[in-house]
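Summary of the model geometry
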Amino acid sequence: MSGPVHVVPAHARRSILAIILALALALQWMGLHLAGVHLAPHWQALFAGIGIFGAAFLLSWAAEVAQLDIPQALALAFLALVAVLPEYTVDIYFAWQAGKDPTYTAYATANMTGANRLLIGVGWASIVFAVWLKTGRRAIAIAREHAVELFFLLLATVYSFVLPFKGTLSVWDAVPLLAIFVCYAVVAARAHVVEPELEGPSELIATLSIGRRRFVTVALFAVAGIAILLAAEPFAEGILETGRHFGIEEFLLVQWLAPLASESPEFIVAILFALRGNAGAAMGTLLSSKVNQWTLLIGMLPIAYGISAGDLTQAMHLDSRQAEEILLTAAQSLCAVVILSDFKFSVYEALLVFVLFATQMPFPDPEFRWYYSFLYLAIAAGLLIARRDLRRSLWALLRWRVAELE
């Protein structure tokens, strides 16, 4: 007599299929690399980028499950850090190469500024649009606990305005930026443990016994980490060679194509969170990602550069284009902090953020980067002048965090 037949629920089958698909995307590049297959530059960039794409999903799911064991605020910071690991790996590769070949400095700056502007202009805005399209709500509320991210993002943004005017990025810039990140992580770690709301693959993994859950989580981290490390250099070099082959400017490809491949899984996961009614967690993750990228990522670039060059005190020299890109990114960041300082993000504000980002794309000329930098700053100043509630909330944010740190 046969035993009972166990039927796997449909949602569990979908989760298993998603994990298998993400593993396949990550492992296909590992297989090609280990087999020594030589591909044309554009195919190399494509398959390596697909490997990073799949690995990013694995990292996101594993980091979500990690929320079961650590404070939620720290878990969000950790999740955001893990989610942007693909971006870090590619950008630090460019910085490392710059220590040997100064021409790569432009690519490190391009990738870093592109990733940061894409995160706000597309990532943040997409959360509001997703909620609006599904529920009709024209604004999302941001939990007050995310004052942590806003405060440290504001600190890092204020410091970042120094970089384009001094024309270098050195280990002395890394010190304050990394200090801001460490303080952010410490403050986030003080939060109480809150049971996370997991869905999809992360929910499936969480149903395992504690031992199996932790084993699977570590295994996903390991597979994803190896895949990303193996794909970073071929992906970066494949993009550069593709640009040279097809006559496309390498700077623009590195600035927009590389971050899009490495950060799109994070955007997709955040949008799914928002569509499932958890827009707060989605926005919190992307806010934390911005803090990570605007502190730890920038701070690690001159360190990687100095180690590669054999002299940690040697600075990365920024040409006029790189300085303008950093200024534009800092201006966008400041404008975004002002908009979110009342802990609300409306469809109209998201549309403004998206349009300002999207309309930059057709105009790569240096003069337009200046125009947009001043436009961001003018909008931030105009909002603060016109809206008393923003002035009060921004000042309250500063006072509250300063008091907390003291």
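Below is a short write-up of the structure.

Moving on, we come to the nonpolar core. Judged by nonpolar contacts, the single largest core of 115 residues is most densely connected at Phe94, Trp124, Ile127, Leu340 and Phe345. Here this core takes 15 residues from helix H5 (residues 104-135), the largest share from any one element. Contact partners of Trp124, with chain neighbours within four places excluded, come to Leu119, Leu153, Met283, Leu286, Leu287, Lys290, Ala336, Leu340 and Phe345.

A separate point is helix H15 (residues 366-386). Here H15 contains 21 residues, and its C-alpha end-to-end distance of 30 Å stays within 8% of the 30 Å for a straight helix at 1.5 Å per residue. Taken as a whole, H15 has its buried residues at Arg369, Tyr372, Ser373, Tyr376, Ile379 and Ala380. Around the axis of H15, the buried residues are gathered within 125° of arc, so they sit on the same side. H15 presents Ile385 and Ala386 as exposed residues on the side facing more than 90 degrees away from its buried surface. Buried residues belonging to H15 abut helix H13 (320-340) and helix H14 (347-358).

Here the focus is the packing of helix H2 (residues 41-65) against helix H4 (residues 85-98). It is the contact of H2 with H4, at a shortest axis distance of 9 Å, that shows an interaxial angle of 135°. In terms of orientation, H2 and H4 fall into the oblique class. Between H2 and H4, the residues in contact are Ile52, Ala56 and Leu59 and Leu85, Pro86 and Val90, respectively. Its residues placed into classes, the contact of H2 with H4 shows six nonpolar, no polar and no charged.

About the cut-offs
Residues numbered from 1 in each chain as written. Predicted model: local features only at pLDDT ≥ 70, side-chain atom pairs only at ≥ 80, totals over all residues. Heavy atoms only, no water. Core = buried A, V, L, I, M, F, W, Y, C linked by side-chain atoms within 4.5 Å. Buried < 20%, exposed > 50% of the residue type's maximum accessible area, 1.4 Å probe, protein only. Helix = DSSP H or I, 4+ residues; strand = E, 2+ residues; numbered from the N terminus. Contact = heavy atoms within 4.5 Å. Expected span 1.5 Å × (residues − 1). Arc of directions from axis to C-beta. Axes fitted to C-alpha atoms, helices over the stretch in contact; angles between N-to-C directions. Parallel < 35°, antiparallel > 145°, perpendicular 65-115°, else oblique. Nonpolar A, V, L, I, M, F, W, Y, C, P; charged D, E, K, R; others polar.

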